[in-house]
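If you want the building blocks of each chain, they are given just below.
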Number of protein chains: 2
Amino acid sequence: MDTQDNKLLEEDISLKLFVVLSRALQSIKKRVEEDIKSFGLNPTEFAVLELLYSKGAQPIQKIGDKVLIASSSITYVVDKLEKKKFLERKPCPKDRRITYAVMTTEGTELMNEIFPKHKHAIQEICAGLDLNEKKNLIQQLKKLGYYAQGIEL
Amino acid sequence: MDTQDNKLLEEDISLKLFVVLSRALQSIKKRVEEDIKSFGLNPTEFAVLELLYSKGAQPIQKIGDKVLIASSSITYVVDKLEKKKFLERKPCPKDRRITYAVMTTEGTELMNEIFPKHKHAIQEICAGLDLNEKKNLIQQLKKLGYYAQGIEL
DNA sequence: TATAATTATCTCGAATTCGAGATAATGTGC
DNA sequence: GCACATTATCTCGAATTCGAGATAATTATA
């Protein structure tokens, strides 16, 4: 049956897509994480600093929403960054359940130094595609990702 | 300076690509892992079983190469799968350093049952793109991934 | 207002992964 | 055949993440 065969074939292609996607990201991540590690941070710590750097102070809970980690993990990461003096906890005066994570001067100085390097490293890692190919890839990945999340475009 | 500006722009696009790629895979993985968890396995366990299922018995060390995990982690995963009776360790008679991981009948039966379901689940998760879009995406991701790994095409 | 539901953060223990190093077997160069 | 490097597996402890549940504050409801 032709329709059957096509369905089976398409399942194989989808599986392949999943595998290739996983491996491509793994290769990139490996190099990005080496880069981040050279700054003395792990990927989650970097992601939290990046968020505060670009969006300003955030309630701890919001950090988890954006960086996509569990609340218990945020506590752990924020603890570590606080010990390293890159951020501070500041209670919200209006809502005493809320604690803000606020970058310190040291944190901002660190990001001023490493964020451009980080962007440049990613640029070099992704240089296998030209600008238009990247733009197209972004479009297709968004379509794929939104659909997987259950959001139709 | 125009060249400068373009470089900065392209760095932003590359960063965006990295973010979109990470998020797309995260959305897909989340659903794939739910699927796998419903079979009572975690992603690494499933990957090991999938390897043995498609490629037959493997020296434990080879498993780590293919599934891309550290040797100490393989020991851990193989221990767990052995306890669950999905595979056995068999010493190699020719080289006494080597231990093979061999699927048991239970393991094969499990994979006979769940692997088609798994493929079908991925097919549904990836249905945001049509067949040609998937094929193109695979090509582009391979190019990106190989380059990131330092392999020119 | 008292009660219940929700929200934000944290604590705790378990699962998973890693890296460094131990152990044992094999291969290599002299 | 012996010393040395290499290879395969495992042990151990540390790092990271999660989920369940505790605590406390706020909001909604009767």
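Residue numbers restart at each chain and count upward from 1, following the sequence in its written direction. Chains and ligands are labelled by the order in which they are written, letters from A for the one and numbers from 1 for the other. Given that this is a predicted model, residues contribute local features only at a pLDDT of at least 70 and side-chain atom pairs are listed and counted only at 80 or more, while totals for whole chains, interfaces and linings are drawn from all residues. Hydrogens are left out, water is left out, and the side-chain values use all remaining heavy atoms of the structure.

1. What to know about the interface of chain A and chain B
A common way to express how large an interface is: the accessible area buried when the components associate.
Here comes step 1: The interface of chain A with chain B comprises 51 residues on the first partner and 51 residues on the second.
Here comes step 2: By definition, the buried area sums, over both parts, the 1.4 Å-probe accessible area that each loses when the two are put together. Summing both sides of the interface, chain A and chain B together bury roughly 5,300 Å²; the carbon and sulfur share of this comes to 71%.
Here comes step 3: Salt-bridge contacts for B:Glu10 lead to A:Lys134; the nearest nitrogen and oxygen are separated by 3.0 Å.
Here comes step 4: Under this definition, polar contacts are N or O atom pairs within 3.5 Å; protein pairs additionally need one hydrogen-donor-capable and one acceptor-capable atom, and for neighbouring residues in sequence, both atoms have to be side-chain atoms. On the surface where chain A and chain B come into contact, there are 16 residue pairs in polar contact (both at pLDDT 80 or more).
Here comes step 5: Helical segments are the DSSP runs of H or I of at least four residues, strand segments are the runs of E of at least two, and each set is numbered from the N terminus. For the side of chain A that touches chain B, the elements supplying multiple residues, two or more each, are helix H1 (2-37), helix H5 (105-125) and helix H6 (131-149) of chain A.
Here comes step 6: When residues of the side of chain A that touches chain B are assigned to their parent elements, the largest contribution, 21 residues, is made by H1(A).
Here comes step 7: Side-chain classes follow a simple rule in which Ala, Val, Leu, Ile, Met, Phe, Trp, Tyr, Cys and Pro form the nonpolar group, Asp, Glu, Lys and Arg form the charged group, and the remainder, Gly included, forms the polar group. Here the residues of the side of chain A that touches chain B are counted per class, giving 24 nonpolar, 11 polar and 16 charged. What makes two residues a contact is simply this: any of their non-hydrogen atoms within 4.5 Å. Whenever a carboxyl oxygen of Asp or Glu lies within 4 Å of a side-chain nitrogen of Lys or Arg, that contact is scored as a salt bridge.

2. Focus: the sheet that holds strand S3 (residues 99-103) of chain B
Residues and elements named next belong to chain B.
Here comes step 1: The pairing criterion is simple: DSSP has to find at least two bridges between the two strands. Taken together, the 3 strands give an open sheet; going across it, the order is S1-S3-S2, and neighbouring strands pair in antiparallel fashion. The open sheet terminates on both sides in strands that have one partner only, identified here as strand S1 (58-59) and strand S2 (87-91).
Here comes step 2: Strand direction decides the pairing type here: S2 and S3, joined by 5 bridges, are antiparallel. Bridging from a neighbouring strand, Glu 88 pairs with Val 102 of S3.

3. Section: the protein's contact with DNA strand C
Here comes step 1: Here a residue is near a molecule or strand as soon as one of its heavy atoms is found within 4 Å of it. In the region of DNA strand C, 22 residues are neighbours, and A:Gln61, B:Asn42, B:Thr44, B:Ser72 and B:Lys80 sit closest.
Here comes step 2: Among the atoms of DNA strand C lying within 4 Å of the protein, the sugar-phosphate backbone contributes 68%.
Here comes step 3: The contact in question runs from a phosphate oxygen of DNA strand C to an N or O atom on the side chain of B:Thr44, over 2.4 Å.
Here comes step 4: Listing elements by their share of the surface near DNA strand C, those giving two or more residues are helix H3 (60-67) and helix H4 (71-83) of chain A together with helix H4 (71-83) of chain B.
Here comes step 5: Broken down by element, the surface near DNA strand C gets its largest block of residues, 5 residues, from H4(B).
Here comes step 6: A per-class count over the surface near DNA strand C returns 6 nonpolar, 9 polar and 7 charged.

4. Examining the environment of A:Glu50
Here comes step 1: Of note, A:Glu50 is situated in helix H2 (residues 43-55).
Here comes step 2: Other than its neighbours up to four places away in sequence, A:Glu50 contacts A:Met111 and A:Phe115.

5. Let's talk about the protein's contact with DNA strand D
Here comes step 1: For DNA strand D, the set of nearby residues contains 21 residues, the closest of which are A:Asn42, A:Thr44, A:Ser72, A:Lys80 and B:Gln61.
Here comes step 2: Counted by atom, the contact set of DNA strand D within 4 Å of the protein is 68% sugar and phosphate.
Here comes step 3: Within the backbone of B:Thr99, an N or O atom sits 2.8 Å from a phosphate oxygen of DNA strand D.
Here comes step 4: Going through the elements one at a time, H4 of chain A together with helix H3 (60-67) and H4 of chain B are the ones with two or more residues in the surface near DNA strand D.
Here comes step 5: With 4 residues, the top contributor of residues to the surface near DNA strand D is H4(A).

6. A closer look at the relation of the copies chain A and chain B
Here comes step 1: Superposing the copies works by least squares over the C-alpha atoms of residues that have pLDDT at least 70 in both of them. For these two chains of identical sequence, chain A goes onto chain B by a turn of 180 degrees and a shift of 0.0 Å along the axis, with RMSD 0.0 Å. In the structure described here, the two chain copies are related by an operation that fits a two-fold rotation axis. Measuring from the rotation axis to each C-alpha of chain A, the shortest distance belongs to A:Leu137, at 3.5 Å.
Here comes step 2: Of the residues that chain A buries at the interface, 100% are likewise interface residues in chain B, meaning the two copies contact each other through the same surface.

7. Remarks on the sheet that holds strand S2 (residues 87-91) of chain A
All names here are of chain A.
Here comes step 1: One open sheet holds the 3 strands; their spatial order is S1-S3-S2, and the pairing between them is antiparallel. The open sheet is flanked by strand S1 (58-59) and S2, the only strands paired with a single partner.
Here comes step 2: Of the strands in this sheet, S1, S2 and strand S3 (99-103) touch H2, which is tilted by about 85 degrees from S3. Geometry is summarised by axes, namely lines fitted to C-alpha atoms with helices restricted to the contacting stretch, and by angles between N-to-C directions that run from 0 to 180 degrees.

8. A few points about the environment of A:Ala47
Here comes step 1: With respect to the helices and strands, the residue A:Ala47 is situated in helix H2.
Here comes step 2: By relative accessible area, A:Ala47 is classed as partly exposed at 23%. A simple rule labels every residue: compare its accessible area, found with a 1.4 Å probe on the protein chains alone, to the largest value its type can have, and call it buried under 20%, exposed over 50%, or partly exposed in between.

9. Side note on the pairing of S3(A)
Here comes step 1: Pairing between S1(A) and S3(A): 2 bridges, direction antiparallel. By the bridge assignment for S3(A), A:Gln58 is matched with A:Ala101.

10. Topic: the side chain of B:Ser14
Here comes step 1: With respect to the helices, strands and loops of the structure, B:Ser14 is situated in helix H1 (residues 2-37).
Here comes step 2: Separated by 3.0 Å, the side chains of B:Ser14 and A:Lys134 make a polar contact.
Here comes step 3: Setting aside chain neighbours within four positions, we find B:Ser14 in contact with A:Ile122, A:Gln123, A:Cys126 and A:Lys134.

11. A short note on the pattern of salt bridges
Here comes step 1: Under the defined criterion, the tally for this structure stands at 20 salt bridges over all chains.
Here comes step 2: Ionic pairing is found between A:Asp12 and B:Lys119, a salt bridge with its closest N-O pair at 2.5 Å. Here A:Asp12, found in helix H1, pairs with B:Lys119, found in helix H5 (residues 105-125), and the two come from separate chains.
Here comes step 3: Accessibility expressed as a relative area gives 37% for A:Asp12, which makes it partly exposed.
Here comes step 4: When its relative accessible area of 15% is taken as the criterion, B:Lys119 is described as buried.

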